[in-house]
Each structure stands twice: as C-alpha cells, then as structure tokens.
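Observations on the model geometry
Single-letter residue listing:
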Amino acid sequence: MNKLCAVNSALSSCRNRLNASREIAPVTLPNCRLIKGIETGSEDIDILPNGLAFISSGLKYPGIKSFAPDKPGEIFLMDLNENDPRAVELRISRGFDLASFNPHGISTYVDTYGTVYLFVVNHPHQKSTVELFKFVEADNSLVHLKTIRHDLLTSVNDIVAMGPDSFYATNDHYFSDFILMFLEMFLGLTWSNVIYYSPEEVKEVAAGFYSANGINISPDRKYIYVADVFDHNVHVMEKHADWNLTHVKTLQLDTLVDNLSIDPYTGDIWIGCHPNGMKLFYDDPENLPASEVLRIQNILSEEPAVTRLYADNGSVLQGSSVASIYEGKLLIGTVFHRALYCEL
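Just so we're clear, the structure is a prediction, and the values are computed from it rather than from any experiment.

**Considerations on the overall build of the protein**
On a plain count of helices and strands, the protein comes out with three helices and 25 strands. The C-alpha radius of gyration computed for the protein amounts to 19 Å, which stays within 12% of the reference 20 Å derived for 344 residues, consistent with globular compactness. Carbon and sulfur atoms make up 51% of the accessible area of the protein, which totals about 15100 Å². Distance between charge centroids for the protein: 3 Å, based on 26 positive and 43 negative side chains.

Written as structure tokens, this is what we have:
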C-alpha cells in the first residue's frame, strides 16, 4: 500500500511539474507572420546588437517529436533591419560533421575587434558538446573553430557566452540516458546544475534545479538568470569575480519556462514558455502543445511585473521555446515547429 501511495504521489507531482491540466486563453498580436523556410523548429534565438538574429533549427530531443528526424540541424540568420526580413540558412565550413548536427541552445559573443563568435549546444548521437563558430557576414557562413567536450557537460541545454572561449551552461538532467532522464523527471530529483567553462577552469557554480533550462545575463553583466522549466520559475544569481554564482531571488510563475532573452535597453526578460508540458511530450494532433510568451520587467524589484504578451493553443505555433526582441520586432521560436515574426 505504501509503495502504491509513493507511486501515486510521484505521478501527481510529475503531473504538477508538467502543468498537465492547464489550458490557456488566447492572446494575439496583430502584426505577425510565420517565417518562411523554418519548418522543423527554432529552439533558440540570439540577436546581435546590430539586429542580426541567429536561429537554431532541427533539434532532435528525447521524448519530443521531430518533423524531420533524419535531417541535420541548421543555423538560420535574419536581418531584422530589413523591411521584410527572411531567414537564410548559414553555410558551415568544411570539416564539420553536418550529418550529426543537432543544435540546441545558442549564444553569441562579440570581441573588441567586432569578431562574432557563435556558441552552439550540439547533441551528436545524443551526446552533449559545445561547438564554437566564427561568423563571416560577407558570405553568410560559419567557420567551425573547435568542439568542446567535458565530463561536467553531460546534458547541456542552453549556454551564455562570457568570452571568446568561456561560458555558463545549464545541464537540464543529471543523466544523459533517456530512460534515466525520464525517471529523474518522474521522481522529481533536483540534480540539474549550471557549469562554468573556460580553458583554464571548469566547475559547477549552481545546483539543486529540477531542470535548469534557459540561461542569460543582465545588461550590466552583474546577474545570471536561470530558468527551471519543471519548477516554473526564474532564478536570479549574482555573478562574482571568480565566476561563482550566489542565489539572489526566485520568481515563481505558472508555466514551464524555457529560454530567456534579454532586452539590452530595458533589461526586460522575454521568455518562451510551455503552458502545458504534458502536451509537449504526448504527440496528439487533437491536443497540440500550446505556446506562451511572457515579459518580466524589473525582476530585481520587490514586485516584478509579469505580462502575457502572446498565447496560442497550437493552431498557429506549437511548443514555443524562445522569444527575442529587437527594436519593436519580436521573434518567437519553437522546439520542433515553426517560427513567428511580429512587429509590435
């Protein structure tokens, strides 16, 4: 009887973490269109200060559907300064294993000379690596510089660049095996963490998450934000000179928070969310995974303002994972579906 109760309790807790019973009312934006050419996901988006947006596409993630399971992943570019921006696939230099390219979270870093580095979380053969590229704008290409592997980078989800070869990364699970990942989620283990990586030092800097997902940095570069997708919250961490992080506060929400994007002018946090995580894992054409975009203003204040700016039941956009803003233009990406361009 006790064992049955324990199983029922774990099942109930798991359903709560997935927000399994939540339905949402639609919130529409007036000037939106689906982006032509992006059909198999736009899991993460990072926009440079000059309006060039990088989009990762084609993620194959355990337990989540893919419209093109045999197609390699891609990186797209959009110039948001154009009147009618379009997505262009970036060519990747020879020597890189394109066949197993499975891009997840991305982050850019621009050095003092204007060189643009693109960090891409990659899952070749369901492993975790970080691929470092240099962006060549003249011919819309990415030059592969190196592949980063480490024993602490076990199940990497997202990344935020700190320099030309250093970053923070989230491990969304302790285990990398799919069955063990499922058990980890079902049992509610808080073994997920954040890693700091540089060529000189690699270390755990934060731990105790159900599933650390999106990660980003405040415009003043003093704070790191971490989304815990299964705990429905965003953690604010203070960054120290030794790269360690200390917890400042946690903002609790009512949705599964995925990637975090920062407005560099206001400091607002834009989040692509999953209102009901159960629908994301269950492939039911009659009950599609919904999309939701939140904006958080003044997260360091005693009462941050949380605004739902977009919500869709999956009829237009399924499984939103990111929302990025540039001068009144909003890009909303998804784990495996389309991408939306809106003018606010």
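After presenting the structure, the write-up continues.
**Points about the pairing of strand β13 (residues 192-197)**
Consecutive side chains of a regular strand alternate in pointing toward one face of the sheet and then the other. The element β13 is largely enclosed, with a buried count of six among its six residues. Burial of β13 is two-sided: the residues S192, V194 and Y196 facing one way and the residues N193, I195 and Y197 facing the other way are all buried. Taken together, the five bridges between strand β12 (residues 166-171) and β13 define a ladder with antiparallel strand orientation. When the bridges of β13 are listed, T170 appears paired with V194. Inspection of the sheet shows β13 paired to strand β14 (residues 202-209) by six bridges, in the antiparallel sense. Considered in β14, the bridge of Y196 is made with K203. Linking β13 back to β14 in an antiparallel pair, the connection comprises four residues.

**A look at the sheet that holds strand β6 (residues 91-92)**
The strand order across the open sheet built from five strands is β6-β10-β9-β8-β7, with neighbouring strands paired in mixed fashion. Taken across any chain shown, the strands that pair with only one partner, and hence form the sheet edges, are β6 and β7 (103-110). Two strands pair when backbone bridges link them, and β7 and strand β8 (residues 116-122) are joined in this way by six bridges, in the antiparallel orientation. Counted as the bridge partner of T108 is L118 from β8.

**Points about the state of the cysteines**
Tallied over the entire structure, the rule returns one disulfide. In this model C32 forms its disulfide with C342; the gap between the sulfur atoms is 2.1 Å. An S-S torsion of about 110 degrees defines the bridge between C32 and C342 as right-handed. Taken together, the residues span a long stretch of sequence, with C32 in strand β1 (residues 32-34) and C342 in strand β25 (residues 340-343) at a distance of 310 residues. As a non-bridged cysteine, C273 has C342 as the owner of its nearest cysteine sulfur, 15 Å distant. Look at C273 and you get buried, because its relative accessible area is 0%.

**Observations concerning the UniProt feature "binding site: Ca(2+)" (unreviewed entry) in the protein**
The positions UniProt marks with the feature "binding site: Ca(2+)" (unreviewed entry) are E43, D44, I106, N157, D158, N213, D258 and N259. Spatial clustering of the annotated residues is evident: they stretch over 217 residues in sequence, but the largest pairwise C-alpha distance comes to 13.1 Å. Set against the largest pocket, the annotated residues named above that line it are D44, I106 and D158. Excluding residues that lie within four positions of it along the chain, E43 makes contacts with S56, L59, H104, G105, D258, N259, S321, V322, T334 and V335. Accessibility expressed as a relative area gives 5% for D258, which makes it buried. Those residues in contact with D258, other than ones at most four positions away along the chain, are E43, N213, G214, A227, I271, G272, H274, S321 and V335.

**A short note on empty space enclosed by the protein**
Applying the stated criterion across every chain yields a total of one cavity of 30 Å³ or more. A volume near 50 Å³ is recorded for the largest cavity. Surrounding the largest cavity, R17, H173, E184, M185, G188, L189, Y210, S211 and F230 form its lining. Here the lining of the largest cavity is composed, by residue class, of four nonpolar, three polar and two charged.

**Quick notes on the UniProt feature "active site" (unreviewed entry) in the protein**
The feature "active site" (unreviewed entry), as annotated in UniProt, sits at H104 in this numbering. Looking at the secondary structure, you find H104 in strand β7. Exposure remark for H104: the relative accessible area of 2% places this residue in the buried category.

**With respect to unusual backbone geometry**
Even without a glycine there, the phi angle at N140 is positive, about 50 degrees. Along the polypeptide, N140 turns up in the loop between β9 (129-136) and β10 (141-148). Phi is positive for W243, close to 75 degrees, though the residue is something other than glycine. The class for W243 is partly exposed, based on a relative accessible area of 25%.

**Regarding the environment of N298**
Summarising the element assignment, N298 is placed in the loop between β21 (291-297) and β22 (305-312). In this structure the C-alpha to C-alpha distance between N298 and E74, which are 224 residues apart in sequence, comes to 35 Å.

**Remarks on the sheet that holds β13**
With antiparallel pairing, the four strands of this open sheet are ordered in space as β11-β12-β13-β14. The two strands at the open ends of the sheet, each matched to only one other strand, are β11 (156-163) and β14. Recorded for the sheet is a direction-independent mean angle of 15 degrees between the axes of neighbouring strands.

**Re the side chain of E184**
Checked against the element boundaries, E184 lands in helix α2 (residues 178-187). Among buried charged residues, E184 stands out as having no salt bridge; its nearest opposite-charge side chain is R17, 10 Å away. At 3.2 Å, the side chain of E184 and the backbone nitrogen of F175 are in polar contact. When residues no more than four places from it in sequence are discounted, the contact partners of E184 are H173, Y174, F175, L189 and W191.

Parameters at a glance
Residues numbered from 1 in each chain as written. Predicted model: local features only at pLDDT ≥ 70, side-chain atom pairs only at ≥ 80, totals over all residues. Heavy atoms only, no water. Helix = DSSP H or I, 4+ residues; strand = E, 2+ residues; numbered from the N terminus. Rg over C-alpha atoms; globule rule 2.2 N^0.38 Å. Areas by Shrake-Rupley, 256 points an atom, 1.4 Å probe, with all protein chains shown as cover. Lys, Arg positive; Asp, Glu negative; His and termini not counted. Charge placed at Lys NZ, Arg CZ, Asp CG, Glu CD. Buried < 20%, exposed > 50% of the residue type's maximum accessible area, 1.4 Å probe, protein only. Pairing = 2+ DSSP bridges. Disulfide = S-S within 2.5 Å. UniProt positions renumbered as here; feature names shortened; annotations may be inferred. 1 Å grid on protein atoms, 1.4 Å probe; cavity = no way out; pocket = protein on both sides within 12 Å on 5 of 7 lines; lining within 4 Å. Contact = heavy atoms within 4.5 Å. Points joined across faces, edges and corners; volume = space filled by probe spheres on them. Nonpolar A, V, L, I, M, F, W, Y, C, P; charged D, E, K, R; others polar. Axes fitted to C-alpha atoms, helices over the stretch in contact; angles between N-to-C directions. Salt bridge = Lys/Arg side-chain N within 4 Å of Asp/Glu carboxyl O. Polar contact = N/O pair within 3.5 Å; in protein donor to acceptor, adjacent residues only side chain to side chain.

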